[in-house]
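Chains, contacts and geometry: an overview
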Amino acid sequence: MRITSIPIVITLALSLVHANVATDNKLPRGVAPSRAKVYTPDTKGQFACLDGSKTIPFTAVNDDYCDCPDGSDEPGTAACGTGYFYCSNIGHTPAYIKTSRLNDGVCDPECCDGSDEFDGQTHCPNVCEQVGAASRMEREKLEKIYEEGNRIRKEYVAYGQSSKTKLKEQLDKLQAASVSVKEAAADAKATLDAANAKLKEYLESTKLEREAARERQLAPLIEQQTQRAEHANKIKSLFRTTLDDLKENHNKNFHDMAVKSTISGYDEYLEELKKQEEDEKNSDTNNKEEKEKARSALERMHAAQDATYDAKKDIGLMFGLIKEMKEKYNTEYNDEAVLKAIKVLDEFAPTWDDSSNDFVGEEFIEIPDEDASDKKEEVKPEDKGALGEVYNRLQKGFSKIGLGFLFKGSKVSKSEVEIAQEAYNKASEEERKSLEEIQKLEKNVNTDYGPDEAFAKLVDRCIEYTYTVCLFGEAKQKSHSDTSLGTFSSWEGDNYDTQLYTGGARCWNGPERSVKVIMTCGTENKIVAVSEPSKCEYLYKMETPAVCRDLSEDAKNGSNSNLREAVYPGEKKHDEL
C-alpha cells in the first residue's frame, strides 16, 4: 500500500507544479484575467473544456498533457500547441501567442516580459518598460497624425456636403429653366418650318419669273465667258497644230533629247485626251441639244467657266513642253520644225502668265447672287409678325440662363427664313448646352463620394508618384508618353478606403491595365508606394485625410482598440485569440 501510494503523490505534486500561477489571483499560467471565470474549478473541482466536449479534473489544467480536443486545458504549455498563451506584458500591451511557441528557445517579441520561456532553458529579459515607452511614443505620433488628418477630413466633409447641396440646387434650377428653353426651341423650329414652307411656296409660284430675271442678269456674263472659252480654245488649237507639226517634221536624225522629251510629253497628253473623249462618248448623250437648251442660265455660266478652265489647263501643259524644249534643245542642229515651234511660243509668251496658268490681265468673272441689286429693309424683332412671339419666348428662356442680352435692341436685315433659322440655331444650341450642363450636374450629384461626401473635395485631384491618379478620373503611368491604367469604376467594400480603376491600355499579350487604390490616414494626399502584384494589375498605396476617422467617436463605439490598424489598415497583425 505504501509503495502504490508514492506514484499518486508524485503525480499530484507534478500537477500542482505545472498548474502554477502567473499572478496572485491563482490563475493558471497563460490565462488572461478577463478569462478567469472559465478557468475556475466548479464545486466538484472539475474544468469544462471550452468547446464543451468533456469535463476533466481542474488539476489536469497545464499538466503538459492534452486532454481537451480544443487544447483549452493547456493554455500554459506546448502540449496541445493549438491554444493561445497570454503574455501580461506589464508596462506595455498584453498579447497572445500560439502555445506551440512556448519553451521553443526563442524569445518571442510579442511576450516582451519573457514569460513564454518559463522552463529556465532560455533566458528572456523583461523589456516591456522599454518597448512600452517606444510604443507609447509611436502611439502619440500616430494620434497626432490621426487628429490632424481628421481635422482636415471634417473640412472635406463640410465642403462635400455644402457642394452637394449647391449642386442639387443648381440642377433643380437648370431643369426648371430647361422647360422654357425646350419650348422656345420647339417654337423656333415650328416657325422655321413654316417660313421654309412659305419660301418653298413662293419659289414655286415665282419660278418662271425668277428664271427669266436670272437669265437677263447673267446673259452678258455668259456671253463674255463664252468668248473667253472660244479664245482659249483657239490658242489651244494653235499649240496642238504646232506640236503636231513638230512631231511630224522634226529631224529625227539629230536625236535631240530635249525634242524627244517634248514629243513624248505631247503623246502622253494626247493619250489622256483620247481616254477623256471615249468616256464622254460612252456617257448619256441622248437629247444633248435639248438638254443644252433646258439648262438654266447659271448652269450655262458654269459650263462656260469649265470650258475656259479646261482649255487654259491644256494651253499651260503644251506651253510648258515647248518652253522646256527651248531651254534645253541643241541650237547647233538648226532644226526648222523646232525653230518654228519656238517662234510660236515666243509670240504667245507676252500674253500668258505661266505662274498662274492664265492670260495676262484676265480677271475671273464673279457670278453675282440672285437679285443682288435688290435692297432689303431693316426689320426690328418686334416687327417680324409671327416671329415676334417666338423671339419673346426665346428672350425669356435665355434670360434665365444669362443670355437675354442677345435680344436687346438687335436689328437684322435678313429674310424671314434667315431670321427664323438664326433664332432656331440659337435656341437649339442653348438647348444642347442646357442638356449638357444638366448631365454634368447629374453625374456629380449621383457620384458616390462616401456616406458623408468627404471625397467630393478630391474630385479630379491628381496625385503624382511616377504613377499618377486623378481621383474619380483616370490613373496613368508617366514615362516618355502617358499610359492609361484605367478610369474610376467603383469603390471596393463598404469602408470607402479602396477604389478600383479599370479599362486601361491593354498590355502586350495580356489584359487591360487596372489599378486598386488603397487609402490610409495621413495629413496629405500622396501616393506612398506602387506595386504590380499581378501582370498589368497595379496596387497604389495612398495617404489622405479623407479616411481619418474620428478617434473619439471610435472610442465611444469601442472600435479604437488598435490605433495603428486604424492608421495603417491591412498591416500584418499578431496572433490573436
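Residues numbered from 1 in each chain as written. Predicted model: local features only at pLDDT ≥ 70, side-chain atom pairs only at ≥ 80, totals over all residues. Heavy atoms only, no water.

1. Overview of the state of the cysteines
As enumerated under the stated definition, the model contains eight disulfides in all. Linked covalently through their sulfurs, Cys 49 and Cys 68 form a disulfide whose S-S length is 1.9 Å. Handedness here is read from the sign of the S-S torsion; for Cys 49 and Cys 68, about -75 degrees, the answer is left-handed. With a gap of 19 residues between them, Cys 49 in the loop between strand E1 (46-48) and strand E2 (55-57) and Cys 68 in the loop between E2 and strand E3 (84-87) connect regions that are remote in the sequence. Assessed through its relative accessible area of 3%, Cys 49 is described here as buried. By relative accessible area, Cys 68 is classed as buried at 2%. Each sulfur in the disulfide pair Cys 521 and Cys 548 lies 2.0 Å from the other. An S-S torsion of about 100 degrees defines the bridge between Cys 521 and Cys 548 as right-handed. Residue Cys 521 is found in strand E12 (residues 514-521), and its partner Cys 548 is found in the loop between strand E14 (537-544) and helix H10 (551-556); the two are separated by 27 residues along the sequence. Residue Cys 521 shares its accessibility class with Cys 548, and that shared class is buried. (Disulfide = S-S within 2.5 Å. Helix = DSSP H or I, 4+ residues; strand = E, 2+ residues; numbered from the N terminus. Buried < 20%, exposed > 50% of the residue type's maximum accessible area, 1.4 Å probe, protein only.)

2. Observations regarding unusual backbone geometry
One non-glycine residue, Asp 460, lies in positive phi territory at about 65 degrees. You can see Asp 460 is positioned in the loop between helix H9 (416-446) and strand E7 (462-465).

3. Looking at the nonpolar core
Judged by nonpolar contacts, the single largest core of 27 residues is most densely connected at Phe 239, Leu 246, Ile 315, Met 325 and Phe 348. Those elements that place two or more of their residues in this core are helix H3 (207-249), helix H4 (257-282), helix H6 (297-328) and helix H7 (336-348). Counting residues per element, this core draws most heavily on H6, which supplies seven residues. Excluding residues within four positions of it along the chain, Met 325 makes contact with Leu 246, Ala 258, Val 259, Thr 262, Val 338, Ala 341 and Ile 342. Ranked by size, the runner-up nonpolar core spans 25 residues in total, among them Phe 455, Tyr 496, Tyr 540 and Val 547. (Core = buried A, V, L, I, M, F, W, Y, C linked by side-chain atoms within 4.5 Å. Contact = heavy atoms within 4.5 Å.)

4. A word on H7
Because the α-helix completes a turn every 3.6 residues, residues three or four places apart line up on one side. The end-to-end C-alpha distance of H7, which contains 13 residues, comes to 19 Å, matching closely the 18 Å that a straight helix rising 1.5 Å per residue would cover. Of the residues making up H7, those classed as buried are Ala 337, Val 338, Ala 341, Ile 342, Val 344, Leu 345 and Phe 348. All buried residues of H7 fall inside an arc of 155 degrees around its axis, so they share one side. Away from its buried face, by an angle of more than 90 degrees, H7 presents the exposed residues Glu 336, Lys 340, Lys 343 and Glu 347. Against H3, H4, H6, strand E5 (352-353) and strand E6 (358-359) lie the buried residues of H7. You can read the cap of H7 off the contacts: a side-chain oxygen lies 3.1 Å from the backbone nitrogen of Ala 337, and it is on Asp 335. (Expected span 1.5 Å × (residues − 1). Arc of directions from axis to C-beta. Polar contact = N/O pair within 3.5 Å; in protein donor to acceptor, adjacent residues only side chain to side chain.)

5. Some thoughts on H9
With 31 residues, H9 extends 44 Å from end C-alpha to end C-alpha; this agrees with the ideal 45 Å at 1.5 Å per step. Among the residues of H9, Val 417, Ile 419, Ala 420, Ala 423, Ala 427, Glu 430, Ser 434, Ile 438, Leu 441 and Val 445 are the ones counted as buried.

6. Examining the pattern of salt bridges
All chains considered together, the criterion is met by 26 salt bridges. Note that Lys 247 and Asp 267 form a salt bridge whose closest N and O atoms lie 2.7 Å from each other. Linking Lys 247 in helix H3 with Asp 267 in helix H4, this pair joins segments that are 20 residues apart in sequence. Given a relative accessible area of 33%, Lys 247 falls into the partly exposed group. Close ionic contact of Lys 326 with Asp 346 constitutes a salt bridge, the shortest N to O distance being 2.7 Å. Within this pair, whereas Lys 326 is found in helix H6, its partner Asp 346 is found in helix H7, the two being separated by 20 residues in sequence. Looking at Lys 326, the relative accessible area reads 37%, which means it is partly exposed. Here the salt bridges do not stand alone but share partners, grouping Arg 228, Lys 312, Asp 358 and Glu 362 into one network. (Salt bridge = Lys/Arg side-chain N within 4 Å of Asp/Glu carboxyl O.)

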